[in-house]
Amino acid sequence: MARGKFRIYLGAAPGVGKTYAMLSEAHRRVERGTDCVVAFVELHDRPRTEVMLHGLEQIPRKRLEYRGGTFTEMDVDAVLARHPQVALVDELAHTNIPGSRNAKRWQDVEELLAAGIDVISTVNIQHLESLGDVVESITGVRQRETVPDEVVRRADQIELVDMSPQALRRRMAHGNIYKPDKVDAALSNYFRPGNLTALRELALLWVADRVDEYLKQYRSEHRVSKIWGSRERIVVGLTGGPEGRTLIRRAARLAEKGAGGEVLAVYIARSDGLTAASPKELAVQRTLVEDLGGTFHHVVGDDIPAALLDFARGVNATQIVLGSSRRKTWQYVFGPGVGATVARESGPDLDVHIVTHDEVAKGRGLPVARGARLGRGRIIWGWAVGLAGPAILAVLLNAVDLGLANNVLLFLTLTVAAALLGGLLPALASAAFGTFLLNYFFTPPLHRLTIADSRNIVALVIFVAVAVSVASVMDLAARRTHQAARLRAESEILSFLAGNVLRGETSLEALLERVRETFGMESAALLERKSDIDPWTCVGRVGFGGPVERPEDADVDMPVGDHMALALTGRVLPAEDRRVLAAFAAQAVVVLDRRRLQEEADQARTLAEGNRIRTALLAAVSHDLRTPLAGIKAAVSSLRSDDVAWSEEDQAELLEGIEEGADRLDHLVGNLLDMSRLQTGTVTPIIREVDLDEVVPMALGGVPEDSAVLDVPETLPMVRVDAGLLERAVANVVENAVKYSPDGTPVLVAASAIADRVEVRVVDRGPGVPDEAKDRIFEPFQRYGDAPRGAGVGLGLAVARGFAEAMGGTLNAEDTPGGGLTMVLTLRAGKRPAFLSVPSEGQASW
């Protein structure tokens, strides 16, 4: 069965009209005769959206019982049984009620698509998993419900439902999104203009990236090589020299002039191994371009201009930025250079910028380390000069008689030129061919391979000897140059590795990427096995292509010890490169060992923290718990004593002391146990929607009757919490506030709703806490000021914050205007008002 088509309406924030657009599309399809049903649509009490459901078939929802409440979810089985052509499924990131067919709604959608049903859905940009941290930094709200980016990327069509922040706020003010009692809070919090503008930009950029992916796919499928200038993409060609930083900054300035400009820095390495470019300089330039918002690319290619142009056309670039050549004037005899070649071959669709810099005409430095030592072009020219040159010279000299000595010198000049260009072999061939031509055409007897005068024999022998000597010297110079460049590159790499060892900076993946780029490979992986008979496992991998499961499957494998190997794929590596590869492999093992040691250190740190907590618990038991125990024991001993006849009032007082001591002991032990549970991570909250009126009054039972004033409006929304944990957290905060409040001044416990959260504020008029101590008071076993030892073990606020965070909330301290301290407990609001008994569906996190 063919997979269904998936369409998503993406919005920047709630209320932009995603559901409305989805229902409008459904009406259009129904009018065209398409079998379209509503599998699940969330109305959010919006009348205009509800009107759009008229005329559409709705699949009845599935009712589920959960923790004493009845909830409804999409009935996947009913939709599959109905099997429409198109199903509407709202709120893709929704988390289903426990007991549902799948944990997440997007998993339900995957089942419908797999069954061949087309699905239209909606999602907000803040629910994409990769953007969770960004959205939280913008809005201050952590999204608990997310959908993997890959699920949205796989959609066949993504349509952005856009609305300006001003228009969205007007909709909010008119009551078209939230109820009137929530409008002011929403406009002053989540729906602030800055928040909406930032979220809108995120949505636009994300959709633009997806459009770019579709464009690349289309160009690839249709083999479109011509550049389409949809937006400015600037490619910066790097050589590894210091001028690269100037080029990157210049390209960034060019990109800023156009909307959506993008900078792509590319370094092209030859395919035959190590290069003479400094890894340290390339690392600096990579960091610079990434800091400026661009990307760094490493491409392998022997023809640098062609590789650069292929890369630029492949990424649909519009401009190329290159630096002015560093070659000196005489070096242009070997060719026009990369910049001139790229400008000539770029065509009308690519603009080439040649940027001046401080390194212009200062020399190219050492040549690239290559196995052939001389370029293919130079070798071809060497053979051409060595073979064609003597033939042409012989024709010219036949017309002009310069004497044998001059002829020998001219042929020797061609041999030297062949040696300079092509090395040893073209020079030897030129010497042999030149000797034959001198003997045949210019040494008596002419046009015969014999020599009449012995002096001419000496001249030809000297000619051959000089030619061979010059060719040997040139070949030796080329070999030494190659070795020098190679050693320079190796020393740079080894210096880089040594620096990383000392600083401990490189991660395993970054190091493997460095290996892959240095040797021009497709992928690099570090393999490990526990023994000789165990299978290999991959502990780190970078690159593309299929995974390597064994070292034998790789093109290059470098053993490291008995049970580790560095495996590379892409090409066979020359034996001379394996020395540097061995250094990389050893460094990879060091990085892996460092990472594992760090993990063990983290575990040891956790154990040490646990030991510290246990030590503090023992100290608390040995000191703070003695006081109530001593009081209880003294009262019981007094009551059991036969030496004193206690009156009823005395007995009542002693019993009251026993009861107070027991309550105090129970409170202290409860906090100790709670802190132990928090430290060991065994607190598992059972989240459900509850009314603050049900929980907060119970939390005040442990304080004197007139010591706290409660102000919890009935119109507050319900909160999504664990009722037991919330009661303990509020009780601890209130008890702490009462402890420090002046006599006769009650503590105020007030609650209010702000956007999608509810705040419980516990306000006291005590001495307050300085700003530098506000975080410290939440640490375990901390007492502020001169609180006596008997006042508790200093766990109340630590336990309260731990419980708040376990429920997805926060607990912070603020100054009370006029003096004192205010504890702010922030909780997640439910989807239904407190005064309704029937829950509504939504994106609650269960």
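Predicted, not measured: the structure shown is a model, and the values here were computed from it.

What follows concerns the overall build of the protein. When helices and strands are tallied, the protein shows 24 helices and 24 strands. Taking the intrachain contacts of the protein between residues at least 6 apart in sequence as the baseline, contacts between residues at least 24 apart amount to 71%. Taken as a whole, the protein presents about 42000 Å² of accessible surface, with 55% of it coming from carbon and sulfur.

Next up on the list: the nonpolar core. Residues F6, L88, L92, L112, V147 and W206 are the most contacted members of the largest nonpolar core, which totals 62 residues. Residue contributions to this core peak at six residues, all from helix α9 (residues 193-221). If near-sequence neighbours (up to four positions away) are discounted, L92 is found in contact with F6, I8, R105, W106, V109, S121, T122, V123, V147, V151 and V152. Listed in part, the 45 residues of the second largest apolar core include V690, V696, V712 and F803.

For the rest of this paragraph, the subject is the side chain of D764. Tracing the sequence through the fold places D764 in the loop between β22 (757-763) and α24 (796-806). Buried charge without a salt bridge: D764, with R765 as the nearest opposite-charge side chain at an N-O distance of 7.4 Å. D764 has contacts with A737, S741, V747, T816, G819, G820 and L821, leaving out every residue within four places of it along the chain.

Before going further, it helps to spend a moment on the sheet that holds strand β11 (residues 295-300). Reading across from one edge, β11-β10-β9-β12-β13 is the order of the five strands in this open sheet, with parallel pairing throughout. What marks the edges here is a single partner per strand, and that holds for β11 and β13 (351-355). Pairwise comparison of adjacent strand axes, ignoring direction, gives a mean angle of 25° for this sheet. Note that strand β9 (residues 233-238) and strand β10 (residues 262-269) share six bridges and pair parallel. In the sheet register, V236 faces β10, and the bridge partner there is A265. Across the face of the sheet, helix α12 (residues 304-314) comes into contact with β9, β10, β11 and β12 (319-323) while running at roughly 150° to β10.

The end-to-end C-alpha distance of helix α16 (residues 424-442), which contains 19 residues, comes to 26 Å, matching closely the 27 Å that a straight helix rising 1.5 Å per residue would cover. Of all the residues in α16, the buried ones are P426, A427, S430, A431, G434, T435, L437, L438, N439 and F442.

Taken together, the side chains of W383, L387, L425, L428 and V468 present a nonpolar region at the surface, about 400 Å² in accessible area. Elements with a contribution of two residues or more to the nonpolar patch: α14 (376-399) and α16. Tracing the sequence through the fold places W383 in helix α14.

Rules behind the numbers
Per chain, residues are indexed from 1 in the order of the written sequence. Per-residue local features of the predicted model are confined to residues with pLDDT of at least 70, and side-chain atom pairs are confined, for both listing and counting, to 80 or more; whole-chain, interface and lining totals are unaffected and use all residues. Side-chain measures here rest on the full set of heavy atoms in the structure, leaving out hydrogens and waters. A run of H or I in DSSP becomes a helix once it reaches four residues, and a run of E becomes a strand once it reaches two; helices and strands are each numbered from the N terminus. Between two residues, a contact is recorded if the distance between any of their heavy atoms is within 4.5 Å. All accessible areas in this document rest on Shrake-Rupley with a 1.4 Å probe, and a residue is counted as covered only by the protein chains that are shown. Put simply, buried Ala, Val, Leu, Ile, Met, Phe, Trp, Tyr and Cys residues joined by side-chain atoms within 4.5 Å make one nonpolar core. Burial here depends on accessible area, computed with a 1.4 Å probe over protein chains only, as a share of the maximum for the residue type. Under 20% is buried, over 50% is exposed, and the range in between is partly exposed. A residue counts as positive if it is Lys or Arg and as negative if it is Asp or Glu; His and the chain ends are not included. For this analysis, a salt bridge means a side-chain nitrogen from Lys or Arg found within 4 Å of a carboxyl oxygen belonging to Asp or Glu. Any two strands between which DSSP finds at least two bridges are classified as paired. Only the stretch in contact is used when fitting a helix axis, every axis being a line fitted to C-alpha atoms; angles between N-to-C directions are given from 0 to 180 degrees. One less than the residue count of a helix, multiplied by 1.5 Å, gives the span that helix is expected to have. The patches reported here contain residues having more than 30% relative accessible area and no salt bridge. Joining distances are 9 Å for like charges and 5 Å for nonpolar side chains (Val, Leu, Ile, Met, Phe, Trp, Tyr).

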